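For reference, the chains in residue letters:
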Amino acid sequence: MTFFPLSGKSIDPAVQHPLQTPPAAPTERRSSARQRSRGDKRRLSSLVIVSIVQASDLVWLLFAGLLAMSMPSPLRGLRAGGSVLLATLTGSFVAAAFLSRAQTYQLPSLRSLGKQMQLLPMPLLGGGCSMMVCLFLMREVGPGFRRWPFLWLMFSAILLIASRCYLSRLLGRWMESGRLARRVAVIGAGEFSQEFIERLRSEPHAYTVVGLYDDRLSRIPQVQDGVKVRGTVQDLLERSREEQIDLIVIALPLRAVARISKILEQVSSAVADICLATDFVGYRYRSSQISSVGSNPVVLLEERPLKDWRAASKSAFDIVLASLMLFVASPLLAAIAVAIRLDSPGPVLFRQPRLGFNNRLFTCYKFRTMHHAMTDLMGDRQATRGDARVTRVGKWLRALSLDELPQLLNVLGGDMSVVGPRPHPPNTKADDRLFADVVANYAFRHRVKPGITGWAQVNGWRGETRTLDQIENRVACDLAYIENWSIWFDLRIMLLTVTREILSRHAF
């Protein structure tokens, strides 16, 4: 397998992956990469925004019920209060369901205040009617109960209209600045891609074409229909390491089977959705793969494993858990640091470049467990049982896996997750071959952030990796984790880490 050139965070000017070509202008390149990284972090997921608006609408509807309850009313007694509370819950959830069915939560609709004014009344009336029915079925009658739904309607309308006024202006600014647009890279310069891009131009705030890529640079113009040809497919892969590309579209005729297969093999490890633009003539695909990019029909070939709410929930889980663990373990961390300094000269922390998310290098923190003069920065030689390089304190730290605790700082810094595929140093080998040269799908494990612990580790695939079978089994476990990820799966792995990996026979 081809090992793709790497780019990412600066680690040390003297530390560089052996297969990475030095850039012509490193200072300028790092500066532009940092700027693009900051821009990526400011971009927003439309799915997450819509989900937040839906949740906030339900909160406003329930809050309207509380406001109505605070108004002077002849309602008295616990029974009356319970009836009104049940009616409020019923009306709020019914109204929220009707709002969703009325397509209120499409981004173009949310941006248009006039459109929202047309869509809001009927769902609110539906919620008010369901509230009346609920009170009637509970045989609650009287002027107070008859007035109650109208108070709820009034407060709900005021709160939702006020929120829509603010939201429409906010979405307008975000759309104009491109924060909501999906960044699309198109492979293949020709009539097929030209038609594809032309259709996307009808939705300028939804999609941004970042460039065209084609391996036949000598045979195609540098600009096609206003879109710059930025290089080859390999150039696209390198660019995807430095900045976020949401969607890679292979815009080639379906008859170019060999060329499409070669391109797919090149880009399949990229952290982006990958699809094939097609007219579907003479072909059948699973309905779950058929999608669209704007008005363009496409076949979804690869989907980014963690995105939108899945990515947000995992990030929140990591930050909360890492913060709690650092707080609880801070006395232990201090004691370990003192022990390391008393045991052998050198720094407390060992900073090592490792391959992480999107195949980028990052600085991984560990407690130093080897004599400072014998540390192996690039991972050319794996630690073995009885390794003379390991210090007395280091032996116990490695046996108890306590040397990994400083990686909680990597989690808070955004380079790692608590659970995920373990990051490896660039030069780590099995049977004298680089891991990436041994396993064809090795780069796929970099489509998510690396973890302090992982599914491979709790299944016994940790420690020294001598044979090809060992690394193949590790990668198989990592890919299974990525495919089946959930918060509950992470919690299960963490529990197994404590029960299986403390004093593991594979840790030395």
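Going along each chain's sequence as written, the residues are numbered from 1 onward. Owing to the predicted nature of the model, reporting of local features is limited to residues with pLDDT of at least 70; listing and counting of side-chain atom pairs is limited to 80 or more, with chain, interface and lining totals taken over all residues. With hydrogens and water excluded, all non-hydrogen atoms of the structure serve as input to the side-chain values.

1. Thoughts on the overall build of the chain
- Looking only at helices and strands, the chain has 17 helices and 14 strands in total.
- The cut-offs for exposure are 20% and 50% of the maximum accessible area for each residue type, with area from a 1.4 Å probe on protein chains only; residues under the lower value are buried, those over the upper are exposed, and the others partly exposed. Expressed as a percentage of the 508 residues in the chain, the buried residues total 49%.
- Considering only residue pairs separated by 6 or more positions, the chain has 74% of its internal contacts joining residues 24 or more positions apart.
- Calculation of accessible area relied on Shrake-Rupley with a 1.4 Å probe; when residues are assessed, cover is drawn exclusively from the protein chains displayed. Surface summary for the chain: the accessible area is close to 25,600 Å², and the carbon and sulfur share equals 60%. By definition, any uninterrupted DSSP run of H or I lasting at least four residues is a helix, any uninterrupted run of E lasting at least two residues is a strand, and each is numbered from the N terminus. The contact rule is simple, with two residues in contact once any of their heavy atoms fall within 4.5 Å.

2. Side note on the packing of helix H9 (residues 233-242) against helix H10 (residues 257-267)
- Between H9 and H10, the least distance of the axes is 10 Å, while the angle of their chain directions is 25°. With respect to each other, H9 and H10 are oriented roughly parallel. The handedness of the crossing between H9 and H10 is right-handed. Taken together, the residues of H10 that come into contact with H9 (itself represented by Val-233, Gln-234 and Leu-237) are Ile-263, Gln-266 and Val-267.
- Three categories are distinguished: nonpolar for Ala, Val, Leu, Ile, Met, Phe, Trp, Tyr, Cys and Pro, charged for Asp, Glu, Lys and Arg, and polar for the others, with Gly belonging to the last. Residue classes in the contact of H9 with H10 are distributed as four nonpolar, two polar and no charged. Here an angle of 0 to 180 degrees is reported between the N-to-C directions of two axes, which are lines fitted to C-alpha atoms, with helices fitted over the stretch in contact. Roughly parallel means an angle under 35 degrees; roughly antiparallel means over 145; roughly perpendicular covers 65 to 115; every other angle is labelled oblique. Put simply, a crossing is left-handed when the front helix is turned counterclockwise from the back one by less than a right angle, and right-handed when it is turned clockwise.

3. Considerations on the nonpolar core
- Of all hydrophobic cores here, the largest spans 33 residues; its most connected members are Phe-367, Trp-455, Tyr-481 and Ile-493.
- Elements supplying a minimum of two residues to this core: helix H11 (308-343), strand S10 (361-367), helix H13 (407-413), strand S11 (417-419), helix H15 (455-458), helix H16 (468-483) and helix H17 (487-501).
- By residue number, the principal contributor to this core is H11, which donates eight residues.
- Filtering out sequence-adjacent residues up to four positions away, Phe-367 remains in contact with Leu-333, Ile-336, Ala-337, Ile-340, Val-348, Leu-349, Phe-350, Leu-397, Leu-402, Asp-403, Leu-405 and Pro-406.
- Buried residues of nine kinds, namely Ala, Val, Leu, Ile, Met, Phe, Trp, Tyr and Cys, make up a nonpolar core once their side-chain atoms join them within 4.5 Å. Counting 32 residues, the second-largest nonpolar core is a separate cluster that includes Ala-64, Ala-87, Ala-96 and Leu-153.

4. Description of helix H8 (residues 191-200)
- Of all the residues in H8, the buried ones are Ser-193, Phe-196, Ile-197 and Leu-200. When H8 is viewed along its axis, its buried side chains cluster within an angular range of 95° and face the same direction. Picture the helix axis, draw a direction to every C-beta atom, and the arc is the one those directions span.

5. Structural notes on the environment of Arg-147
- With respect to the helices and strands, Arg-147 occurs in helix H7 (residues 143-177).
- In the structure, Arg-147 is positioned 15 residues away from Met-132 in sequence and 9.8 Å away in space, judged by C-alpha atoms.

6. A closer look at the pattern of salt bridges
- Any carboxyl oxygen of Asp or Glu within 4 Å of a side-chain nitrogen of Lys or Arg constitutes a salt bridge here. A full pass over the atoms with the stated rule returns 15 salt bridges.
- A salt bridge links Arg-392 to Asp-343; the shortest N-O distance between them is 3.0 Å. Of the two residues, Arg-392 sits in helix H12 (residues 392-399) while Asp-343 sits in helix H11, which places them 49 residues apart along the sequence.
- Judged by relative accessible area, which is 18%, Asp-343 ranks as buried.
- Salt-bridge contacts for Lys-366 lead to Glu-404; the nearest nitrogen and oxygen are separated by 3.8 Å. Taken together, the positions of Lys-366 in strand S10 and Glu-404 in the loop between H12 and H13 put the pair 38 residues apart, joining distant regions of the chain. For the pair formed by Lys-366 and Glu-404, the shared burial category is buried.

7. Thoughts on the packing of aromatic side chains
- For Phe, Tyr and Trp, rings pair up if their centres lie within 6.5 Å, where Trp contributes its six-membered ring, and each pair is then called stacked (planes under 30 degrees apart), edge-to-face (over 60) or tilted (otherwise). Within the structure shown, the criterion is met by three aromatic pairs.
- Here Trp-455 and Phe-489 contribute two aromatic rings whose centre-to-centre distance is 5.0 Å and whose plane-to-plane angle is 65°, an arrangement assigned as edge-to-face. Taken together, the positions of Trp-455 in helix H15 and Phe-489 in helix H17 put the pair 34 residues apart, joining distant regions of the chain. You'll find Trp-455 and Phe-489 in the same group, each marked buried.
- Ring plane angle 45° and centroid distance 5.6 Å describe the contact between Tyr-481 and Phe-489, whose orientation is recorded as tilted.

8. A short note on a nonpolar patch on the surface
- A grouping of Trp-60, Phe-63, Leu-66 and Met-69 is seen on the molecular surface, where their side chains present a nonpolar patch of about 360 Å² in accessible area.
- For Met-69, a relative accessible area of 38% translates into the label partly exposed. Each patch is built from salt-bridge-free residues with over 30% relative accessible area, joining like charges within 9 Å and nonpolar side chains (Val, Leu, Ile, Met, Phe, Trp, Tyr) within 5 Å.

9. Some remarks on H10
- Along H10, the residues that are buried comprise Ile-260, Ile-263, Gln-266 and Val-267. Buried residues along H10 cover an arc of 125° about the axis, so they all sit on one side. More than 90 degrees from the buried face of H10, the exposed residues found are Ala-258, Lys-262 and Glu-265.

10. Comments concerning unusual backbone geometry
- Within the chain, Asn-358 stands out as a residue other than glycine whose phi angle is a positive 60°.
- For Asn-358, the position within the fold is in the loop between strand S9 (349-355) and S10.
- Of the residues examined, Asn-358 reaches a relative accessible area of 5% and is grouped as buried.
- Within the chain, Ser-401 stands out as a residue other than glycine whose phi angle is a positive 60°.
- With respect to the element layout, Ser-401 can be found in the loop between H12 and H13.

11. Observations concerning the confidence of the model for the chain
- Residue-level confidence of the predictor is summarised by pLDDT, bounded by 0 at the bottom and 100 at the top. Taken as a whole, the chain shows an average pLDDT of 78; of its residues, 79% reach a score of 70 or greater.
- Confidence drops under a pLDDT of 50 for residues 1-39, and excluding neighbours within four residues, the segment shows 59 contacts in the predicted structure.
- When the criterion is pLDDT under 50, residues 281-287 qualifies, and its contacts beyond four places in sequence or with other chains add up to six contacts.

12. Some remarks on the side chain of Arg-445
- As for its position among the elements, Arg-445 is in the loop between helix H14 (435-438) and strand S14 (451-453).
- Apart from residues lying up to four places away in sequence, Arg-445 is in contact with Pro-421, Arg-422, His-424, Val-475, Asp-478, Leu-479 and Ile-482.

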